[in-house]
Amino acid sequence: MAAVTPVRLVAGLRRRGGVARGGAAGLAAAGVSAAAQFALVVVVTRAVNAAEAGAFFAATAVVLMAAGVAKLDAGNGLVFFIARAKAAGHHDIFGYIRAAIVPCAVAAAVAAALLWPRVGPVAAIVPVVVLGDVLLAATRGSGSLRPTVLLDGMALPAAQLTLVAAVALAGRPEWLPLAWALPYVPVLVLAALAVRRRTPNSPGLPGAGRELWRYTAPRSFAGAIQAVFQRLDVVVVALLAGPAQAAVYTAATRFKVVGQLANQGLTQAVQARLVSALARGELARARELYQTATVWLVLLTWPVWLAYAALAPWLLSVFGPAYGTAAPVALVLAGTMMVATACGMVDVVLTAAGHTGMSLLNLLAAVACTLVLDLALVPAHGALGAVAGWSGGVLVKNLLPLWQLHRRYGLRPFGRHTPAALRLRTWAAA
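Description of the structure in this document. (Residues numbered from 1 in each chain as written. Predicted model: local features only at pLDDT ≥ 70, side-chain atom pairs only at ≥ 80, totals over all residues. Heavy atoms only, no water.)

So, on to the overall build of the chain. Looking only at helices and strands, one finds 18 helices and zero strands in the chain. Within the chain, the proportion of its 430 residues that are buried is 53%. Counted over contacts in the chain with a minimum sequence separation of 6, partners at least 24 positions apart contribute 82%. For the chain, the exposed surface amounts to about 18,100 Å²; the carbon and sulfur share of it is 69%. (Helix = DSSP H or I, 4+ residues; strand = E, 2+ residues; numbered from the N terminus. Buried < 20%, exposed > 50% of the residue type's maximum accessible area, 1.4 Å probe, protein only. Contact = heavy atoms within 4.5 Å. Areas by Shrake-Rupley, 256 points an atom, 1.4 Å probe, with all protein chains shown as cover.)

Here the focus is the environment of Thr-370. Looking at where Thr-370 falls in the secondary structure, it is placed in helix 15 (residues 356-381). Overall, the relative accessible area of 3% leaves Thr-370 in the buried class. Measuring from C-alpha to C-alpha, the distance between Thr-370 and Asp-233 comes to 8.3 Å, with 137 residues separating the pair along the chain. Contact partners of Thr-370, with chain neighbours within four places excluded, come to Phe-229, Gly-389, Trp-390 and Gly-393.

Right, let's talk about the nonpolar core for a bit. Val-44, Val-126, Trp-180 and Leu-274 are the most contacted members of the largest nonpolar core, which totals 120 residues. Take this core: its biggest share by element is 12 residues, from helix 9 (residues 208-241). Apart from the residues within four sequence positions on either side, Val-126 is in contact with Val-63, Ala-66, Ala-67, Ala-108, Ala-111, Ala-112 and Leu-115. (Core = buried A, V, L, I, M, F, W, Y, C linked by side-chain atoms within 4.5 Å.)

With that settled, consider helix 10 (residues 243-252). In terms of burial, helix 10 is a largely internal element, seven of the 10 residues being buried. Among the residues of helix 10, Ala-246, Ala-247, Val-248, Tyr-249, Thr-250, Ala-251 and Ala-252 are the ones counted as buried.

The next subject is the pattern of salt bridges. Two side chains with opposite charge may pair up if their charged atoms get near one another. A complete count under the given rule lists three salt bridges for this structure. Here Glu-288 ties to Arg-285 by a salt bridge, and the two come within 3.3 Å at their closest N and O atoms. You can see Glu-288 and its partner Arg-285 sitting in helix 12 (residues 283-316), three residues apart, about one turn around the helix. By relative accessible area, Arg-285 is classed as buried at 9%. (Salt bridge = Lys/Arg side-chain N within 4 Å of Asp/Glu carboxyl O.)

Right, let's get into the packing of helix 2 (residues 50-70) against helix 10. Interaxial distance between helix 2 and helix 10 falls to 7 Å at its minimum, and their mutual angle equals 70°. Classified by the angle between their axes, helix 2 and helix 10 sit roughly perpendicular to one another. Between helix 2 and helix 10, the residues in contact are Ala-50, Ala-51, Ala-53, Gly-54, Ala-55 and Phe-57 and Pro-243, Ala-244, Ala-246, Ala-247 and Thr-250, respectively. Its residues placed into classes, the contact of helix 2 with helix 10 shows nine nonpolar, two polar and no charged. (Axes fitted to C-alpha atoms, helices over the stretch in contact; angles between N-to-C directions. Parallel < 35°, antiparallel > 145°, perpendicular 65-115°, else oblique. Nonpolar A, V, L, I, M, F, W, Y, C, P; charged D, E, K, R; others polar.)

Here you go:
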């Protein structure tokens, strides 16, 4: 075994410290975003009746679903290719960014036009959401997490909460969707400025567009399915059980954003490093990143799920007296999220290894499971039926890639790197 020289030791600490700092920043942003989104739901459910709150939540869910589809998963494609180009010593990456923006802008404009007759002027925010997300992904691919943390993780949810609360206090519920949508505009402007500072305007590498979309095309469909999967439940409840049940379901499952955002925060910090490690064939490094991120995710989220399961009746009453009966929904949610977080960022590792087609099949299986369970259970059981359908889809979405990673690469969410991630000196070094 090679000797551990001082240079190698310092390099190792810097490498692990970079992951830890990025993960801590992402998790801090996830905490701010989760708190702001929870507070926003409290404000809306307290300001208007359950039917109006459900209509608002359904409209915003449809808008975000459409934006998720129109993104074409170009953000993950940019992270993959920009990180890989930098790992190979290439810095001429503007061609990738340009190739990603144009199709996404067209798709977003079409989605906005189709949505306008159904949800009104709030549909116009779809292109803004899409382009802002793609540009922030470009900064992450370049190795900078700060714009995503500050803009998407902190400034956006805080501004949404402020404007929605102001509109609610003014007694103008019809303005709630507009108040929720407006903060996306400055996020887009600032994201564009961040990309411009970090990326020189250049012709780009030859064939950058073909290369990007050859990789991203299968994943685009998977990204659309993922976007639908994330918010399909609210829309299905509103259609099959009415907007009042949709409001109850949204309130009871609002805490799932804690796990989603914590996972997103760690993913944003680790994804580019995973791509670089797998591109260089460094399977041991990929295993270290995966296991370290998983144990952090479990430590940070399991206490939340256990507390939520124990305190659900009291916590749900914060939304209003009509919401306190949804404790069974909270119990199903907490148990499912504990299983999901114990799997770690399995889909991110799978796609970082280049298996986008396999990831797509996994998502299709998860959505099919959710739809079948929702159609069978929501008409009779309302919010409880919806969370059962969502739970089935989440389990499929996590357990399938977990088995695939173990079979192909021997990767597991816990292993010999788990104790090292828990040591105090590791955190101190980071």
